[in-house]
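Descriptive analysis of the structure
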Amino acid sequence: MSKRLRKVVFPVAGLGTRFLPATKVVAKEMLPVLDRPLIQYAVDEAVDAGADTLVFVTNRYKHAIADYFDKAYELESKLAQSGKNDLLAMVQGTLPKHVRCVFVTQPEALGLGHAVLCAKPVVGDEPFGVVLPDDLIWNGKGPGALRQMAELADAQHAGVIAVEEVPRDQTNKYGIVDASPVSERAAKVKLVVEKPKPEVAPSNLAIVGRYVLPGRIFELLEKTTPGAGGEIQLTDAIEALLGEQSVLAYRFEGTRFDCGNKLGLVKATLAMALADPALAPATREFIADVR
Ligand code: UTP
């Protein structure tokens, strides 16, 4: 895989049941961490990795994501008229000018693998990124996780999946890899197992929401039969890819917040507040006092 990473897919068609009732009307990806929705952090990371085409796999209820990246004519003209240029720049700055968005629909929530497959007509046969916005990965001023992975994929001509060590008793919540180390942060994947019980898990290296994959994965996804819960699993197609191409598991630099659950969103919010000089002192004070 030697081409630059131009296209990034955001599978955002899940039901978000862990945030009901809010997700009856608010897409999970629009939940804010401070003043920016999760999808903005994900898009910024993709743009940082070099992407110029963002493919959102949505469902028919998630208009808010398209609206968010669209021009807000009335708001922008009001801010311009009242000379609120800082706010205007913020509203206009959700997406750089050279980046385009493409929206495709996943008609039914048939799993992450199926959602990625829905992006095939837009991505075609080239390496692409996949970012799950509910895994917010923050690396401060350093390169984002997807950029680190794109560089590795390019240098090693390999697919790359992001992994993180998780406590043994949580292996049944993740895809788990068995891999042999090739460098400090990278390991060659030998096996992937979806949600193994702790006693049979081959390691505690869990796949988290970032992937750099070759276009070939689409053909493998087309051949993948539904697994647990009738869902088409991305890990099954990655398992098939292992027989053909090298795939690296990569321990990224940065901190992952699992914002798909309530505690993760709370932690991300606190971490971002502590990283913001304007909010940090009062946040620290609050944490010290809260009962
Ligand atoms: P999750 O497993 O977090 O599911 O999906 P979910 O529906 O978003 O949330 P819960 O578990 O009901 O609270 C992981 C990612 O895969 C996407 C989701 O949008 C999320 O980004 N996904 C999942 C799809 O796009 N389509 C699917 O059919 C399933």
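Now for a look at the structure at hand. (Residues numbered from 1 in each chain as written. Predicted model: local features only at pLDDT ≥ 70, side-chain atom pairs only at ≥ 80, totals over all residues. Heavy atoms only, no water.)

Within the protein, the regular secondary structure consists of 11 helices and 13 strands. Against the 2.2 N^0.38 benchmark of 19 Å for 291 residues, the protein shows a C-alpha radius of gyration of 19 Å, consistent with a compact globule. Seen through its C-alpha atoms, the protein measures out along the principal axes to roughly 60 × 45 × 40 Å. The 291 residues of the protein split such that 48% are buried. Nonlocal contacts in the protein, meaning residues at least 24 apart in sequence, comprise 76% of its contacts between residues at least 6 apart. For the protein, the exposed area adds up to about 14,600 Å²; of that, 55% sits on carbon and sulfur atoms. Across the protein, 34 positive and 36 negative side-chain charges occur, with their mean positions spaced 1 Å apart. (Helix = DSSP H or I, 4+ residues; strand = E, 2+ residues; numbered from the N terminus. Rg over C-alpha atoms; globule rule 2.2 N^0.38 Å. Buried < 20%, exposed > 50% of the residue type's maximum accessible area, 1.4 Å probe, protein only. Contact = heavy atoms within 4.5 Å. Areas by Shrake-Rupley, 256 points an atom, 1.4 Å probe, with all protein chains shown as cover. Lys, Arg positive; Asp, Glu negative; His and termini not counted. Charge placed at Lys NZ, Arg CZ, Asp CG, Glu CD.)

In terms of nonpolar packing, the biggest core is built from 40 residues, with Phe10, Ile39, Val43 and Leu54 touching the most fellow members. Those elements that place two or more of their residues in this core are strand 1 (7-11), helix 1 (38-48), strand 4 (53-58), helix 2 (63-69), helix 7 (145-156), strand 8 (159-165), strand 11 (205-213) and strand 12 (247-251). Among the elements that line this core, the one with the most residues is helix 7, at 6 residues. Among residues more than four places away in sequence, those in contact with Val43 are Phe10, Leu54, Phe56, Phe69, Thr94 and Leu95. Counting residues in hydrophobic clusters, the runner-up holds 36 residues, among them Val163, Val192, Leu213 and Leu220. (Core = buried A, V, L, I, M, F, W, Y, C linked by side-chain atoms within 4.5 Å.)

Attention now moves to a nonpolar patch on the surface. Together, Leu263, Val266, Leu270, Leu274, Phe286, Ile287 and Val290 line one region of the surface with nonpolar side chains, adding up to about 580 Å² of accessible area. Going through the elements one at a time, helix 10 (262-275) and helix 11 (280-289) are the ones with two or more residues in the nonpolar patch. Among the elements that make up the nonpolar patch, the one with the highest residue count is helix 10 (4 residues). Relative to the helices and strands, Ile287 is located in helix 11. Residue Ile287 is classed as partly exposed on the basis of its relative accessible area, which comes to 37%. (Patch = residues over 30% accessible without salt bridge, like charges linked within 9 Å, V, L, I, M, F, W, Y side chains within 5 Å. Salt bridge = Lys/Arg side-chain N within 4 Å of Asp/Glu carboxyl O.)

A few words now on the packing of helix 10 against helix 11. Close contact between helix 10 and helix 11 brings their axes to 7 Å; oriented N to C, the two are set at 135°. The angle between the axes of helix 10 and helix 11 places the two elements in the oblique class. The element helix 10 and its partner helix 11 pack so that their crossing is left-handed. On the side of helix 10, the interface is formed by Leu270, Ala273 and Leu274, while helix 11 contributes Ala280, Thr283, Arg284 and Ile287. Class assignment for the residues of the contact of helix 10 with helix 11 results in 5 nonpolar, 1 polar and 1 charged. (Axes fitted to C-alpha atoms, helices over the stretch in contact; angles between N-to-C directions. Parallel < 35°, antiparallel > 145°, perpendicular 65-115°, else oblique. Left-handed = near helix turned anticlockwise from the far one by under 90°. Nonpolar A, V, L, I, M, F, W, Y, C, P; charged D, E, K, R; others polar.)

Under the counting rule described, the total for this entry stands at 17 salt bridges. The salt bridge involving Lys78 is made with Glu74; its shortest N-O contact spans 3.4 Å. Within this pair, Lys78 and its partner Glu74 are both found in helix 3 (residues 73-81), separated by 4 residues, close to a single helical turn. Among the salt bridges present, the one from Lys120 reaches Glu222, with a minimum N-O distance of 2.9 Å. Of the two residues, Lys120 is situated in helix 6 (residues 120-123) and Glu222 in helix 8 (residues 216-223); the sequence distance between them amounts to 102 residues. When salt bridges that share partners are traced, they join Arg6, Lys7, Asp52 and Glu126 into one network.

Here we take up the packing of aromatic side chains. Think of a pair of aromatic rings as described by two things: how far the centres are apart, and how the planes are tilted against each other in angle. Here the structure, examined in full by the defined rule, presents 5 aromatic pairs. Here the aromatic residues Phe10, Phe56, Tyr68, Phe69 and Phe103 are joined through ring pairs into a cluster of three or more. When the ring centre of Tyr41 is taken as origin, the NZ or CZ atom of Arg36, which lies over that ring, is 4.2 Å away. (Phe/Tyr/Trp six-rings, centres within 6.5 Å; stacked < 30°, edge-to-face > 60°. Lys NZ or Arg CZ within 6 Å of the ring centre and 35° of its normal.)

Time to look at the site of the ligand. Close contacts around the ligand come from 17 residues, with Pro11, Leu15, Thr17, Lys28 and Gln106 the closest. Leu110 places a main-chain nitrogen or oxygen 3.2 Å from an oxygen atom of the ligand. Starting from 570 Å² of accessible surface for the ligand in isolation, the protein chains cover 81%. Along the lines of polarity and charge, the residues of the shell around the ligand split into 8 nonpolar, 5 polar and 4 charged. (Near = heavy atom within 4 Å. Polar contact = N/O pair within 3.5 Å; in protein donor to acceptor, adjacent residues only side chain to side chain.)

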